[in-house]
Amino acid sequence: MKKLSLLAGIFVLFFMTSCRDIVNSVLDVLPPFDVPFSTTLDVPFAAVSTTAYTKTPDIPMNIDLDTKIKENNPNFSINNLKSVKLNTLSMEYVSSTLGNKLDVIKNAKIYIKAPNQAERLIATAYDNTNPNMIIFNLEDAEILEYFRTNQNYLVIEIMGSRVTADQLKIKMNAGFKIKVQL
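Described in the following lines is the structure provided in the data block.

What follows covers the side chain of Glu157. Mapped onto the fold, Glu157 is located in strand β9 (residues 153-160). No salt bridge is formed by the buried Glu157; the nearest opposite charge belongs to Lys55, separated by 4.1 Å. A polar atom in the side chain of Glu157 sits 3.3 Å from the side chain of Tyr111.

Take the pattern of salt bridges next. The full count for this structure, using the stated rule, is 7 salt bridges. One salt bridge in this structure joins Asp66 and Lys70, with 3.3 Å as the shortest N-O distance. Placement of the pair is Asp66 and Lys70 together in helix α2 (residues 65-72), with a separation of 4 residues, close to one helical turn. Residue Asp66 is classed as partly exposed on the basis of its relative accessible area of 22%. Looking at Lys70, the relative accessible area reads 40%, which means it is partly exposed.

Moving on, we come to the environment of Asp166. By the secondary structure assignment, Asp166 is in strand β10 (residues 164-180). For Asp166, a relative accessible area of 9% puts it in the buried group. Residues Asp166 and Leu98, 68 residues apart in the sequence, show an inter-C-alpha distance of 5.9 Å. Setting aside its immediate chain neighbours within four residues, Asp166 contacts Val43, Pro44, Phe45, Ser96, Thr97, Leu98, Gly99 and Asn100. At 2.9 Å, the side chain of Asp166 and the backbone nitrogen of Leu98 are in polar contact.

A few words on the packing of aromatic side chains. In this structure the tally under the stated criterion is 1 aromatic pair. In this arrangement the basic side chain of Lys109 is found over the ring face of Tyr53, its NZ or CZ atom lying 4.5 Å from the centre.

This part covers the side chain of Asn73. If you trace the backbone, Asn73 turns up in the loop between α2 and β4 (81-96). From its side chain, Asn73 meets the backbone nitrogen of Asn75 in a polar contact 2.9 Å long.

Before going further, it helps to examine unusual backbone geometry. Residues other than glycine seldom take positive phi values, yet Asn62 does so here, at roughly 50 degrees. By the element assignment, Asn62 lies in the loop between β3 (59-60) and α2.

Reading across the sheet, the 4 strands line up as β1-β10-β4-β7 and stay open at both edges, with antiparallel pairing between neighbours. Taken across any chain shown, the strands that pair with only one partner, and hence form the sheet edges, are β1 (33-47) and β7 (133-135). Ignoring strand direction, the axes of neighbouring strands in this sheet form an average angle of 20 degrees. Across 15 bridges, the pairing between β1 and β10 is antiparallel. Following the sheet pairing, Ser38 is matched in β10 by Asn173.

For the rest of this paragraph, the subject is the environment of Ser96. Counting through the fold element by element, Ser96 comes out in strand β4. In terms of polar contacts, Ser96 uses its side chain to reach the backbone amide nitrogen of Gly99, at 3.0 Å. Separated by 3.5 Å, the side chains of Ser96 and Asp166 make a polar contact.

Basis of the calculations
Residues numbered from 1 in each chain as written. Predicted model: local features only at pLDDT ≥ 70, side-chain atom pairs only at ≥ 80, totals over all residues. Heavy atoms only, no water. Helix = DSSP H or I, 4+ residues; strand = E, 2+ residues; numbered from the N terminus. Buried < 20%, exposed > 50% of the residue type's maximum accessible area, 1.4 Å probe, protein only. Lys, Arg positive; Asp, Glu negative; His and termini not counted. Salt bridge = Lys/Arg side-chain N within 4 Å of Asp/Glu carboxyl O. Polar contact = N/O pair within 3.5 Å; in protein donor to acceptor, adjacent residues only side chain to side chain. Contact = heavy atoms within 4.5 Å. Phe/Tyr/Trp six-rings, centres within 6.5 Å; stacked < 30°, edge-to-face > 60°. Lys NZ or Arg CZ within 6 Å of the ring centre and 35° of its normal. Pairing = 2+ DSSP bridges. Axes fitted to C-alpha atoms, helices over the stretch in contact; angles between N-to-C directions.

This is the structure:
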């Protein structure tokens, strides 16, 4: 009798696990996918202090997730969007007017911005010494509401490692993990 109860319990557990897997697979008809963003921009850099942050002008991303979702499956739209999270962010040195490189940036904070949304911190980099690339530490933040519109921006706050002024040309690379469900 005990063996029968044990077998019945294992069968029920197996059945419930299988049902959950089936429901999840039906809901995730469109598997999560990445949406890359890359831009090269000129950043006026003026560090008059090594203890305060300077904010750069807004960097327009203008990512149209509705179009990206429909490219993956025309049956889905922005209305099916369930999650957006940043999964990669880096900054690469391209050139500069006076020869400074990215090691002139000691600390950096990246925020996301959209109409009717408060700026939200999504990535940080501290104690940078790399002259060619900064790889950011990412916040595990749900940023779905910033992508309900295609008017979305990145904002950079920079703290210099030394007092200097220059015009840096950088390439920003970001990737967003998108999840869509019925």
